[in-house]
Amino acid sequence: MVCNRALSGRWQGAGGRDGNENESLHRGLRRKGRIVSGSADPRVIPQNIAGTSAWLTRFAAELLVRIYRSSRKLARHEVLAAIVAGLLPISVRLALLPFAPIPVPFVHDEFSNLLAADTFSHGRLTNPPHPFWQHFESFHILQQPSYMSMYPPGQALFLALGQVLFGHPWFGLCVVFVLLGMASYWALRAWLPPAWALPGALVVGANLGVAEYWINSYYGGATAALGGFLVVGSAGRLLIRPNGPRLRNALLLGLGILILANTRPWEGLVFCTGVSVFAGARHFVRLRRQSASSFRRWWAVLVLVLTLGGALMGYYCWRVTGSVLQLPYLLNRRVYATVALFPWRKPRPAPHYNHEEMRRFYVEWEPSYQKDSKPFQLNTFTNRLFLLERATIFPPVKVFRGVAFLLVLWTAWRRRNTRWLVFVCGFFYAGICCQNYCQFDYVAPFVGVGAVLYVTTVRRWSLASRTFRRVGGPVGVGALYLLAFSMLFVNSARLIAEVPKPDANFALRRESLRKTLRKMPGRQLVIVRYSSEHLLDQE
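K.L.:
So what exactly am I meant to see when it comes to the overall build of the chain here?
P.N.:
Along the backbone of the chain there are 19 helices and two strands. Counting only residues that meet the buried cut, the chain has 47% of its 539 residues in that class. For the chain, long-range pairs separated by at least 24 residues make up 75% of all intrachain contacts whose partners lie at least 6 apart in sequence. On the chain, roughly 28,000 Å² of surface is accessible, and the fraction owed to carbon and sulfur atoms is 63%.

Here's what the structure looks like:
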């Protein structure tokens, strides 16, 4: 605060000197007749432009200092700052509902998650198989030994929460994004001062919570990102602040691991393995003598949380598949799929399919869809590197994104506290390159690490110059706030522009038909027959 006041005083003093000089010059020119009828001599125009530029510079500097001071005051109240980080981005999306309504499910994955959400909202873990289940087969859904979604239950639990509390599953995604904003501030707070953590969390929310498909569909992504933020925030606090509240940090670390295990199991396993290996190595190298004693104080809590969570996961698998060790996802792939999940496994022969559409999807469409993203190909390496860049470089500008990503990694490598995060980045990149297919929501666990790397890079370069270090903090924080609010505006405009018309979108026509059937008295049975031109992704 003392530095800011001194700096403000310098600006005010400079402004006073400039004002006196300009007034003396104005009187002198008037006496010499160079100002006639309010028109200035052309030789004076450059001086007026310079004075205006100086005034604008002082005004911008004063504004940045005020923003910086306000950010520091707000960030001192950590609970209030976390609430602001969680509510502001999703409030913008809710305000856009008259222009961009609640999204309508479209792809098979969404209907599978909604089936699980509806099951959970009715107090069941699964559903009994239908006596004529052969006639009701669909994609990404188990029919035997029970009728249930093949996907992990993490995403569906929040959708069920929205359906129970607010009457629609989409509001469960809103709850996820509120928690995601709060968790992003909490995680960044472990690595950064409060004045930097708040705008960084707002940038994350503005980037993901308005126009991204994570909030405008039922795929998933935000729930896994929530788990990733809890893991990186807890690991950072246990590493940087070993004398802090270990019980709370260990509890949140275990919760984050369980969220990842129930949303993105493979990516979560790779991410948590990288964090545990490299953060653990950094922990023991840094603390040495104190590492064993500090480790024993919280590891028991972590083991207890993971044990209870693992028992619940095993019980869920037993209810759905009949086996504690059999995941619904793997059972569904074993029954229907021909393409292996990993390159070291050979494709399976095509099983017997009861419906031609199921055969076309698993035998023809899925292999052709994944042939361009197989591991150990140049385009695969570049595409998945682009996914990591997208999870780290938040502004939606593709120009120089690769250079900016390398700058972020280089800056993190130069700092001891963040160097191990670069190893986690490389380890996670190797893990996603080992699977046959990957898209943006698959790398959701990495968003927390990407946010930490991005904001620490902005702060590092804002304070890099000793000459401008006093203004570097306000400039960097102001730039993050400007980025966050500009992204809110740009993403809002993009969302409104991309809203499909009812007569041009299959999903909206399907939803209109469903609402018409629900208005009819009694229960309705709809028999669907696919034409030869039917698109497989239109369920």
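K.L.:
Looking at this model, I keep getting lost on the environment of Phe136. Mind explaining?
P.N.:
Within the secondary structure, Phe136 sits in the loop between α4 (108-121) and β1 (141-142). Through-space distance from the C-alpha of Phe136 to that of His355 is 10.0 Å; in sequence the pair is 219 residues apart. Aside from chain neighbours lying at most four places away, what touches Phe136 is His130 and Gln143.

K.L.:
Please clarify how the packing of helix α6 (residues 170-189) against helix α8 (residues 222-240) should be interpreted in this entry.
P.N.:
Angle between the axes and distance between the axes: these two values describe a pair of packed helices. Two elements in contact, α6 and α8, have axes separated by 8 Å at closest approach and are oriented at 20 degrees. Judged by the angle between their axes, α6 and α8 are roughly parallel. Between α6 and α8 the crossing geometry is left-handed. Of α8, the residues touching α6 (which contributes Val176, Phe177, Leu179, Leu180, Ala183, Ser184, Trp186, Ala187 and Arg189) are Ala222, Thr223, Ala225, Leu226, Phe229, Leu230, Val232, Gly233, Ser234 and Arg237.

K.L.:
Would you take a moment to explain the nonpolar core for this structure?
P.N.:
Buried together is how nonpolar side chains tend to be arranged in soluble globular proteins. Counting 110 residues, the largest nonpolar core has Tyr185, Trp214, Phe271 and Trp420 as its most contacted members. Residue contributions to this core peak at twelve residues, all from α6. Excluding residues within four positions of it along the chain, Phe271 makes contact with Gly228, Val231, Leu260, Val424, Phe428, Pro445, Phe446 and Val449. Membership of the second largest hydrophobic core comes to eight residues, among which are Ala337, Tyr353, Phe361 and Tyr362.

K.L.:
Looking at this structure, I do not really get the packing of aromatic side chains. What am I missing?
P.N.:
Remark: the centre distance and the inter-plane angle together describe each pair of aromatic rings, the angle taken between the planes. All chains considered together, the criterion is met by 22 aromatic pairs. When the ring of Tyr213 is compared with that of Tyr219, the centres are 5.7 Å apart and the planes differ by 80 degrees; the resulting orientation is edge-to-face. On the basis of relative accessibility, which here comes to 24%, the residue Tyr213 falls in the partly exposed class. The exposure class of Tyr219 is partly exposed, given its relative accessible area of 26%. Following the ring pairs from residue to residue traces out a cluster consisting of Phe139, Tyr336, Tyr353, Phe361, Tyr362 and Trp365. If you follow Arg264 out to its NZ or CZ, it ends over the ring of Tyr442, 3.9 Å from the centre.

K.L.:
Where do I start with the pattern of salt bridges in this structure?
P.N.:
Close approach of charged atoms allows side chains with opposite charge to pair. Throughout the structure, instances matching the rule amount to eight salt bridges. Among the salt bridges present, the one from Glu366 reaches Arg333, with a minimum N-O distance of 2.9 Å. Here Arg333 lies in helix α12 (residues 328-336) and Glu366 lies in helix α13 (residues 356-370), a separation of 33 residues in the sequence. Residue classification places Glu366 among the buried residues on the basis of a relative accessible area of 4%.

K.L.:
Explain α4 here, please?
P.N.:
Every α-helix carries 3.6 residues per turn, so stepping three or four residues along brings you back to the same face. In this model α4 runs 20 Å from its N-terminal to its C-terminal C-alpha over 14 residues, within 8% of the 20 Å that 1.5 Å per residue would give. Burial analysis of α4 places 13 of its 14 residues in the buried class, which makes it a mostly covered element. In the stretch just after α4, Gly123 is the one whose phi turns positive, near 80 degrees.

K.L.:
Help me understand the packing of helix α3 (residues 78-95) against α6 in this model?
P.N.:
Put simply, α3 and α6 touch, their axes get as near as 8 Å, and they point 140 degrees apart. Of the two elements, α3 crosses α6, and the hand of that crossing is right-handed. Where α3 approaches α6, its residues Glu78, Ala81, Ala82, Ile83, Ala85, Gly86, Leu87, Ile90, Arg93 and Leu94 are matched on the opposing element by Trp170, Phe171, Cys174, Phe177, Val178, Gly181, Met182, Tyr185 and Arg189. Among the residues forming the contact of α3 with α6, the class breakdown is 14 nonpolar, two polar and three charged.

K.L.:
Got a minute to help me understand the state of the cysteines in this structure?
P.N.:
When the sulfur atoms of two cysteines share a covalent bond, that bond is a disulfide. Under the defined criterion, the tally for this structure stands at zero disulfides. Free of any disulfide, Cys438 has its nearest cysteine sulfur in Cys433, 8.1 Å distant.

K.L.:
Looking at this structure, I do not really get the side chain of Asp109. What am I missing?
P.N.:
Relative to the elements of secondary structure, Asp109 occurs in helix α4. Among buried charged residues, Asp109 stands out as having no salt bridge; its nearest opposite-charge side chain is Arg264, 7.3 Å away.

K.L.:
Sorry, what's going on with the side chain of Thr126 here?
P.N.:
Following the sequence through the fold, Thr126 ends up in the loop between α4 and β1. Residue Thr126 is classed as buried on the basis of its relative accessible area, which comes to 9%.

K.L.:
Just checking my understanding: could you explain helix α9 (residues 246-261) for this structure?
P.N.:
For α9, with 16 residues, the first-to-last C-alpha span of 22 Å sits near the 22 Å given by 1.5 Å per residue. Every buried residue belonging to α9 is among Arg246, Asn249, Ala250, Leu253, Gly254, Gly256, Leu258, Ile259 and Leu260, and all of these are buried.

K.L.:
Hey, could you run me through unusual backbone geometry in this one?
P.N.:
Most peptide bonds take the trans form, and the phi angle of most residues other than glycine is negative. Geometrically, the link from Gln144 to Pro145 is a cis peptide bond, its omega value of 0 degrees lying close to zero. Relative to the helices and strands, Pro145 resides in the loop between β1 and β2 (148-149). For His140, which is not glycine, the phi torsion reads 65 degrees and is therefore positive. Here His140 is to be found in the loop between α4 and β1. Take His140: its relative accessible area is 6%, and that puts it in the buried class.

Reading guide: rules and limits
- Residues numbered from 1 in each chain as written.
- Predicted model: local features only at pLDDT ≥ 70, side-chain atom pairs only at ≥ 80, totals over all residues.
- Heavy atoms only, no water.
- Helix = DSSP H or I, 4+ residues; strand = E, 2+ residues; numbered from the N terminus.
- Buried < 20%, exposed > 50% of the residue type's maximum accessible area, 1.4 Å probe, protein only.
- Contact = heavy atoms within 4.5 Å.
- Areas by Shrake-Rupley, 256 points an atom, 1.4 Å probe, with all protein chains shown as cover.
- Axes fitted to C-alpha atoms, helices over the stretch in contact; angles between N-to-C directions.
- Parallel < 35°, antiparallel > 145°, perpendicular 65-115°, else oblique.
- Left-handed = near helix turned anticlockwise from the far one by under 90°.
- Core = buried A, V, L, I, M, F, W, Y, C linked by side-chain atoms within 4.5 Å.
- Phe/Tyr/Trp six-rings, centres within 6.5 Å; stacked < 30°, edge-to-face > 60°.
- Lys NZ or Arg CZ within 6 Å of the ring centre and 35° of its normal.
- Salt bridge = Lys/Arg side-chain N within 4 Å of Asp/Glu carboxyl O.
- Expected span 1.5 Å × (residues − 1).
- Nonpolar A, V, L, I, M, F, W, Y, C, P; charged D, E, K, R; others polar.
- Disulfide = S-S within 2.5 Å.
- Lys, Arg positive; Asp, Glu negative; His and termini not counted.

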